[in-house]
Amino acid sequence: MNYLNEIFAKEEFHKLGFGKYFCDSVFVQYYSPDKGWHNGNISNKRHLSVDLASQVLHSGSDIFEGLKAFHNPNGGFNFFRIKDNLNRFNLSAERMGMPKIDVTTHKLIIEKLVNKEASYIPNKIGCSMYIRPVMFGSEPTLQVRASREFIHFVLLSPVGPYFGNELNCISIYVEQENIRAAHGGTGNVKTTANYAQSIQTSEKVFKLGFDQVLWLDAIHKKYIEELSGMNIMFLYKDKTLRTPSLSGTILPGITRDTIITLSKSLGYNVIEDQLDINQILHDINSNKIIEAFAVGTGAVVAPIGKLLYKENEYIINNQKVGENAQLIFNQLINLQHGIVEEDNGWLTNIK
Ligand SMILES: *Cc1c(COP(=O)(O)O)cnc(C)c1O
């Protein structure tokens, strides 16, 4: 915590990065079939001892969420779309054969925890407290079936602006061999299994000098899905924003949904559809696509400057941050901090 205190004392929030530092306070509770959720407690014990026979280590039952709390202009803070995150947590739980958590209780737990560590919400636009709820199977068993015991915890991590003080373009490698998710799989829920199987490909791509993997559909290896932890959008010259539809194999991102609503209100025409990689690359080369961006809670909006597909590079907007990405980013950040009004009920103000 010392380094964190130093960053906050000097207000050098760019040094926070993303998901590198954690608050001492955590919430932990336990589940058993007879007691349900019990022994819920906020403590400063981030180190937990678990049985090596725990189900998560053998069958992988593990789900998570990622949401943020932001300073607001009234000197308090607010959560952005917290209920949507917590509802999605339950959808993930259901798909993974895990128990649900009452959304209202879960929300109160998070409010209490963040309130306790409120001095570690960086007081700067674009910075926030990242909140990571997790649930995993903790019953000691090697049997491949639902765990009967679970641990649910909430971890807090103060985060800086993803890219430092300005947006930066990222480069994308379009993966040809491996896939992320198939129909009927778990691509549309937030389970660590989706990340685990993406890592080998990500490492390959990092070594080649790219920032992110773009996954194609499992069957045709032709339709655009998403990045490993972010959804993707393409902006056409005529102000049409195209993004892959929620086909069941991609994560229904809350940032994706927010940007769809926000862009419509800004006069963009939004189309959710099946996007053929060949058509998209053709539209990049013929300058019909003028910008592209990756979107998610962590980075918010990450402009894409370059794609590599079958050894050919495709450059977007001269690898410069586009004015539309910047506009959508700014509007979204202002919304999240409660600087501009919104009437979608997305903000939960605390204090
Ligand atoms: C979390 C996540 C996203 C982004 O979702 P948000 O709700 O916008 O944060 C996109 N894709 C995957 C695979 C994810 O895990």
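Please read all numbers here as calculations on a predicted model, not as lab measurements.

Let's shift gears to the domain arrangement of the protein. Domain parsing of the protein yields domain 1 (2–159) and domain 2 (170–337). The straight-line distance from the C-alpha centre of domain 1 to that of domain 2 is 26 Å. Contacts between domain 1 and domain 2 engage 27 residues on the former and 21 residues on the latter. Considering only the surface of domain 1 that becomes buried against domain 2, Phe64, Phe80 and Arg88 emerge as the three largest contributors, covering 31% of it. Connecting domain 1 to domain 2 are 1 salt bridge. A salt bridge links aspartate 257 to arginine 81; the nearest nitrogen and oxygen atoms lie 2.9 Å apart. Put simply, domain 1 and domain 2 have 14 residue pairs in polar contact (both at pLDDT 80 or more) between them. Of all the elements in the fold, those that place two or more residues in the side of domain 1 that touches domain 2 are strand S3 (62–64), strand S4 (67–71), strand S5 (77–80) and helix H3 (82–95). Broken down by class, the residue content of the side of domain 1 that touches domain 2 amounts to 12 nonpolar, 7 polar and 8 charged.

Bringing the pattern of salt bridges into the picture now. All told, the structure shown has 13 salt bridges when counted by the stated rule. Residue lysine 15 is joined to glutamate 12 by a salt bridge in which the shortest nitrogen-to-oxygen separation is 2.9 Å. Three or more residues joined by partner-sharing salt bridges are found here, namely Arg81, Asp84 and Asp257.

Summarising the sheet, strand S1 (residues 26–32) and strand S2 (residues 36–43) pair through 6 bridges and their orientation is antiparallel. Across the sheet, residue tyrosine 30 finds its bridge partner in S2, namely histidine 38. Connecting the antiparallel pair S1 and S2 is a turn made up of 3 residues.

Turning to the packing of aromatic side chains, a few remarks are in order. Any aromatic ring pair is given by two values, namely how distant the centres are and how the planes are angled relative to each other. What the rule picks out here adds up to 12 aromatic pairs. Chaining the aromatic ring pairs together yields one cluster made of Phe8, Phe13 and Tyr120. The lysine or arginine in question, lysine 239, covers the ring of tyrosine 268, its NZ or CZ lying 4.5 Å from the ring centre. When the ring centre of tyrosine 236 is taken as origin, the NZ or CZ atom of arginine 242, which lies over that ring, is 5.4 Å away.

With that out of the way, let us pick up the site of the ligand. In the vicinity of the ligand lie 15 residues, with Lys190, Glu226, Ile254, Thr255 and Thr297 positioned nearest. One nitrogen or oxygen atom from the main chain of isoleucine 254 is found 2.8 Å from an oxygen atom belonging to the ligand. Here threonine 255 contributes a side-chain N or O atom positioned 2.6 Å from an oxygen atom of the ligand. Alone, the ligand offers 380 Å² of accessible surface; in the complex the protein occludes 96% of this. Taken together, the residues of the shell around the ligand sort by class into 4 nonpolar, 7 polar and 4 charged.

Cut-offs applied
- Residues numbered from 1 in each chain as written.
- Predicted model: local features only at pLDDT ≥ 70, side-chain atom pairs only at ≥ 80, totals over all residues.
- Heavy atoms only, no water.
- Domains from an automatic or database assignment.
- Contact = heavy atoms within 4.5 Å.
- Buried area = accessible area lost by both parts, 1.4 Å probe.
- Salt bridge = Lys/Arg side-chain N within 4 Å of Asp/Glu carboxyl O.
- Polar contact = N/O pair within 3.5 Å; in protein donor to acceptor, adjacent residues only side chain to side chain.
- Helix = DSSP H or I, 4+ residues; strand = E, 2+ residues; numbered from the N terminus.
- Nonpolar A, V, L, I, M, F, W, Y, C, P; charged D, E, K, R; others polar.
- Pairing = 2+ DSSP bridges.
- Phe/Tyr/Trp six-rings, centres within 6.5 Å; stacked < 30°, edge-to-face > 60°.
- Lys NZ or Arg CZ within 6 Å of the ring centre and 35° of its normal.
- Near = heavy atom within 4 Å.
- Areas by Shrake-Rupley, 256 points an atom, 1.4 Å probe, with all protein chains shown as cover.

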